[in-house]
Amino acid sequence: MKETRETDDLLALIERAIDGLTLAVRRFEAEDPRRAIAHVRAVVRAIDHYAPHLEGDPLLRGAPIPREDVRTTLGLVRRDLCDVIDGCVPPASRAARPD
């Protein structure tokens, strides 16, 4: 996944997620699921990194969006990405799931 600035705001998370998932799709299209899953895992790690910083996110300070809605939505996205990983990784290798 392309390196971006390490900030703890939603915009940076979205940027990292778009970059990572774009790379994952390209790797899936190139029939390279191992590298594709590595990009999906990187997005899950980015969500995990952001989650503890959500309350102090400068982008959300003035936004009329309830923090719990953002937290819930990110949790759902994370779950779906983990399902993608589980669907592509053999059962013996699932211990590496980023939970």
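About the criteria used
- Residues numbered from 1 in each chain as written.
- Predicted model: local features only at pLDDT ≥ 70, side-chain atom pairs only at ≥ 80, totals over all residues.
- Heavy atoms only, no water.
- Salt bridge = Lys/Arg side-chain N within 4 Å of Asp/Glu carboxyl O.
- Helix = DSSP H or I, 4+ residues; strand = E, 2+ residues; numbered from the N terminus.
- Core = buried A, V, L, I, M, F, W, Y, C linked by side-chain atoms within 4.5 Å.
- Buried < 20%, exposed > 50% of the residue type's maximum accessible area, 1.4 Å probe, protein only.
- Contact = heavy atoms within 4.5 Å.

Moving on, we get to the pattern of salt bridges. According to the stated counting rule, one finds 6 salt bridges in the structure shown. Between aspartate 32 and arginine 35 there is a salt bridge whose closest N-O contact spans 3.7 Å. Arginine 71 is paired through a salt bridge with glutamate 68; the nearest N and O atoms lie 3.5 Å apart. Within this pair, arginine 71 and its partner glutamate 68 are both found in helix H4 (residues 67-88), separated by 3 residues, close to a single helical turn. One network of salt bridges, in which partners are shared, links Arg27, Asp32 and Arg35.

If you look at the biggest cluster of nonpolar residues, it comprises 19 residues, and the most contacted ones within it are Leu13, Tyr50 and Leu74. Contributing elements (two or more residues each) for this core: helix H1 (10-29), helix H2 (33-50) and H4. The element best represented in this core is H2, accounting for 7 residues. Those residues in contact with tyrosine 50, other than ones at most four positions away along the chain, are Asp8, Asp9, Leu10, Leu13, Asp57, Leu60 and Leu74.

Just distances and angles here, no functional claims.
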